[in-house]
Amino acid sequence: MVFYFKSEGYVIYVGIDKHENEELLKYGFPEDIWFHVDKHSSAHVYLRLPKGENIHTIPATVLEDCAQLVKANSITGNKTNNINVVYTPWTNLRKSADMDVGQVGFHKQKDVLSVKVEKRINEIVNRLNKTKEERMPDLQAEREERDRLEREAAKKVAREKKEKEKEAARQRQKETEIRSYSSLMVASNMKSNANADSDEDDFM
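Along each chain, the written sequence defines residue order, and numbers are assigned to residues from 1. Residues qualify for local features only when their pLDDT is at least 70, as the model is predicted, and side-chain atom pairs are given and counted only at 80 or more; totals for whole chains, interfaces and linings, by contrast, use all residues. Each side-chain value is worked out from all heavy atoms of the structure, with water and hydrogens disregarded.

As annotated in an unreviewed UniProt entry, the protein chain is Coiled-coil domain-containing protein 25 from Acanthaster planci. As its UniProt record puts it under Subunit (unreviewed entry), the protein chain is described as follows: "Interacts (via cytoplasmic region) with ILK." The heading Sequence similarities (unreviewed entry) in the UniProt record of the protein chain holds the text "Belongs to the CCDC25 family." UniProt positions are given in the numbering used here, feature names are shortened, and annotations may be inferred rather than shown by experiment.

Chemist: Could you give an account of the overall build of the protein chain, with specific residues and numbers?
Modeler: Within the protein chain one finds four helices and nine strands. N-terminal to C-terminal, the α/β element order of the protein chain is β-β-α-β-β-α-β-β-β-β-α-β-α. Across the 204 residues that make up the protein chain, the buried fraction comes to 32%. Note on definitions: a residue-residue contact is assigned when non-hydrogen atoms from the two residues lie within 4.5 Å. Once local pairs closer than 6 in sequence are excluded, the contacts in the protein chain between residues at least 24 apart make up 68%. Element-wise, carbon and sulfur atoms account for 50% of the exposed surface of the protein chain, whose accessible area totals about 13900 Å². The way it works is that DSSP assigns letters per residue, a run of H or I at least four long becomes a helix, a run of E at least two long becomes a strand, and they are numbered from the N terminus. Each residue's exposure class comes from its accessible area (1.4 Å probe, protein chains only) as a fraction of the maximum for that residue type: buried when under 20%, exposed when over 50%, partly exposed otherwise. In these tables, accessible area is a Shrake-Rupley quantity obtained with a 1.4 Å probe, and a residue counts as shielded only by the protein chains included in the view.

Chemist: I'd like to hear about helix H1 (residues 18-27), residue by residue, with values.
Modeler: Listed as buried for H1 are Glu20, Asn21, Leu24, Leu25 and Tyr27. The N-terminus of H1 is capped by Asp17, whose side-chain oxygen sits 3.1 Å from the backbone nitrogen of His19. Throughout this description, a polar contact denotes any pair of N or O atoms lying within 3.5 Å of each other; where both atoms belong to protein, one of them has to be capable of donating a hydrogen while the other can accept it, and for residues adjacent in sequence the pair is counted only when both atoms sit in side chains.

Chemist: Describe the layout of surface pockets, listing the residues and the values that go with them.
Modeler: Residues are called lining when one of their atoms sits within 4 Å of a cavity or pocket point, these points coming from a 1 Å grid over the protein atoms alone, where a cavity is a set in which a 1.4 Å probe fits but cannot get out and a pocket is an open set with protein on both sides within 12 Å along at least five of seven lines. Grid points are joined across faces, edges and corners, and a volume is the space filled by probe spheres set on the points. For the largest pocket, the calculated volume is near 220 Å³. Taken together, 14 residues line the largest pocket, and the ones lying closest to its centre are Trp34, His36, Asp38, Val86 and Phe106. Gly is placed with the polar residues, together with every amino acid not listed as nonpolar (Ala, Val, Leu, Ile, Met, Phe, Trp, Tyr, Cys and Pro) or charged (Asp, Glu, Lys and Arg). Residue composition of the lining of the largest pocket, grouped by class: six nonpolar, six polar and two charged.

Pasting the structure below:
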């Protein structure tokens, strides 16, 4: 079971337990941003960013929504004020065989950001809960479909680039031929019949 929320057009999703978190870790999207309460257990919350956006372009209100959702889904964090919520790209999450179920690490600590949450804001949590949907998605199929579409898009871009290169080459060839033809037509290379000697008889 995965819980989905909406925030200003963005999709936020949360695993129901640590076993579901393992699936989310395995089949997350490279565009996803992962959120968790720092130094406390909490739900793994993911923000799915549209193409072209990154961790530094997240709107402040959406960032606050994610942080509040993480706090609200942490037993200890929900009762504690002035907590830190850490967040990082899904691609920066590291999972090794010796880690417990649902536990993760980071490839690069410098890519982990944090935001302070002074207290729970019920208005935000209640607003998000009104958008809550429960689904049982095929996470693997969704990831495979995402990757397939990306490959097709990349192939399309490559084809368009190749066609533009061919067209540019044709245009250069055409310009070369025009310049070559023009050089043959200059006055110094032309000869008038009036000045030419002829062995033929004139007829009237």
